[in-house]
Amino acid sequence: MTQEVKEIFGGGPGGAGGTPPAPAALAAKVRTLAPSMTRSMQRVAEAVAGDPAGCAALTVTGLAELTGTSEATVVRTARILGYPGYRDLRLALAGLAAQQQSGRAPAITTDIAVDDPIADVVAKLAYDEQQTLADTAAGLDTVQLAAAVAAAATARRIDVYGVGASGLVAQDLTQKLLRIGLVAHAHNDPHLAVTNAVQLRAGDVAIAITHSGATGDVIEPLRVAFEHGATTVAITGRPDSPVTQYADHVLTTSTARESELRPAAMSSRTSQLLVVDCLFVGVAQRTYETAAPALAASYEALAHRHRGRP
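For clarity, every value in this text was computed on a predicted model and none was experimentally measured. (Residues numbered from 1 in each chain as written. Predicted model: local features only at pLDDT ≥ 70, side-chain atom pairs only at ≥ 80, totals over all residues. Heavy atoms only, no water.)

**Describing the sheet that holds strand β5 (residues 249-252)**
Taken in spatial order, the 5 strands line up as β2-β1-β3-β4-β5 in an open sheet, and their pairing is parallel. Of all the strands in the sheet, just β2 (184-187) and β5 have a single pairing partner and so form its edges. When the angles between neighbouring strand axes are averaged without regard to direction, this sheet yields 15 degrees. Relative to β5, strand β4 (residues 231-236) runs parallel, the two being bridged by 4 bridges. Note that in β5 the partner of Ala-234 across the bridge is Val-250. Of the strands in this sheet, β1 (158-161), β2 and β3 (205-209) touch helix α10 (residues 165-179), which is tilted by about 170 degrees from β2. (Pairing = 2+ DSSP bridges. Helix = DSSP H or I, 4+ residues; strand = E, 2+ residues; numbered from the N terminus. Axes fitted to C-alpha atoms, helices over the stretch in contact; angles between N-to-C directions. Contact = heavy atoms within 4.5 Å.)

See the structure below:
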């Protein structure tokens, strides 16, 4: 075993810092991070997620042989998943296996087929939505979330960037913030986003929403806002993606398994909306004395539009 493998396997020098994710969050981590891994690392990740009990019984050498990879690949995968070494990953696998055996972890459903009855489509989508929300909640860094809430609650102005499906989520967030009296703008035009970002400064907040974390039209305005001193937040499914280099705070989302009939843009929106709701409720809590009257006033202003007309 090489020195590099010994260090990572034992969680010593060179091991990952921080607290390893709980067993319940392991499957979520695999689903979120696997698309950005190398193919050999994906084989390791898929193996531990698919058979946690079997992999928990394997040594680092055994798992490397099972997946046709190397010991170094196995321990690097463990580190990417958030564990200091392979020993810590094995403990998490054992915990996940125990949960599955007790019935607390449901079986993975199959993808939607072209000839599925509509009742099966409903059941599969409902399961995937539920799993996506659970994965996002399990993997969400509440320290980062609290810091983003604190910044937004006292911001002079909040700009939110998103395009495509993420642009819809950006609009959802700004509409909520506006209804509690905050100054918020959603930008899905990349030119307007950049020209507005130039006006930001310390005390302002810029939020970028991009599942891939590599959308140039979202990264560019966030970079400009970051360079002008605004507090920046990235809501992304890829915690090591390019957008995060310009983010003071990173909020990670999960996604259901992508399929031909359900692209990532659909499944990622569910987790993005959960994070947006958590951010909004946190801000509303911190600004309750002004938020509650503002929200009540917005309801009253629209009430006549929802009453029956004679």
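What follows picks up the thread again.
**Here's the deal with the nonpolar core**
Core analysis: the biggest nonpolar cluster contains 30 residues, and Ile-158, Leu-173, Leu-177, Ile-207, Ile-209 and Val-283 have the highest contact counts within it. Secondary structure elements with two or more residues in this core: α9 (142-153), β1, α10, β3, β4 and α13 (264-286). When residues no more than four places from it in sequence are discounted, the contact partners of Leu-177 are Ile-158, Leu-182, Ala-184, Phe-280 and Val-283. Counting residues in hydrophobic clusters, the runner-up holds 24 residues, among them Ala-47, Val-74, Tyr-83 and Tyr-86. (Core = buried A, V, L, I, M, F, W, Y, C linked by side-chain atoms within 4.5 Å. Buried < 20%, exposed > 50% of the residue type's maximum accessible area, 1.4 Å probe, protein only.)

**Examining the pattern of salt bridges**
Throughout the structure, instances matching the rule amount to 8 salt bridges. One salt bridge connects Asp-116 with Lys-124, and the closest N-O pair in it is separated by 2.8 Å. You can call Asp-116 buried: its relative accessible area is 18%. The residue Glu-227 makes a salt bridge to Arg-223 at a minimum N-O spacing of 2.8 Å. Here the residue Glu-227 and the residue Arg-223 both occupy positions in helix α12 (residues 216-227), the gap between them amounting to 4 residues, near one helical turn. (Salt bridge = Lys/Arg side-chain N within 4 Å of Asp/Glu carboxyl O.)

**Here's the deal with helix α5 (residues 60-67)**
Listing the buried residues of α5 in full gives Val-60, Gly-62, Leu-63, Ala-64 and Thr-67. Note on α5: the residue one or two positions beyond its end, Gly-68, has a positive phi of about 65 degrees.

**A look at the packing of helix α3 (residues 39-50) against helix α6 (residues 71-80)**
In contact at an axis separation of 9 Å, α3 and α6 are set at 70 degrees when each is read in the N-to-C sense. With respect to their mutual orientation, α3 and α6 come out roughly perpendicular. Residue-level contacts link Ser-40, Met-41, Val-44 and Ala-45 of α3 to Thr-73, Val-74, Arg-76, Thr-77 and Ile-80 of α6. Its residues placed into classes, the contact of α3 with α6 shows 5 nonpolar, 3 polar and 1 charged. (Parallel < 35°, antiparallel > 145°, perpendicular 65-115°, else oblique. Nonpolar A, V, L, I, M, F, W, Y, C, P; charged D, E, K, R; others polar.)

**What to know about the pairing of β3**
Of all 5 residues that make up β3, 5 are buried, and the element is covered over most of its length. On β3, burial covers both faces: Val-205, Ile-207 and Ile-209 on one face and Ala-206 and Ala-208 on the other are all buried. Bridge count between β1 and β3: 4 bridges; the pairing is parallel. Counted as the bridge partner of Tyr-161 is Ala-208 from β3. Bridge analysis of β3 against β4 gives 5 bridges, and the strand direction is parallel. Within β4, the residue paired with Val-205 across the bridge is Thr-231. The β-α-β motif built from β3, the intervening α12 and the parallel element β4 has right-handed crossover chirality. (Right-handed = clockwise from strand over helix to strand, strands pointing away.)

**A few points about the side chain of Asp-159**
Looking at where Asp-159 falls in the secondary structure, it is placed in strand β1. Those residues in contact with Asp-159, other than ones at most four positions away along the chain, are His-185, His-187, Asn-196, Ala-197, Leu-200, Val-205, Ala-206 and Ile-207.

**Some thoughts on the environment of Val-218**
With respect to the secondary-structure elements, Val-218 resides in helix α12. Judged by its relative accessible area of 0%, Val-218 is buried. The spatial distance from the C-alpha of Val-218 to the C-alpha of Asp-189 is 9.5 Å, given a sequence separation of 29 residues. Not counting residues up to four positions away in its chain, the partners in contact with Val-218 are Tyr-161, Gly-162, Val-163, Ala-208, Ile-209 and Thr-210.

**Overview of the environment of Ala-28**
When you line up the elements, Ala-28 lands in helix α2 (residues 23-33). In this structure, Ala-28 is in contact with Asp-135 and Ser-254, ignoring residues within four places of it in sequence.

**Observations concerning the confidence of the model for the protein chain**
Scored by pLDDT, the protein chain comes out at a mean of 84, with 83% of its residues at no less than 70. Every residue in residues 1-17 is under pLDDT 50, and counting partners more than four places away or in other chains gives 28 contacts. (pLDDT = per-residue confidence, 0-100.)

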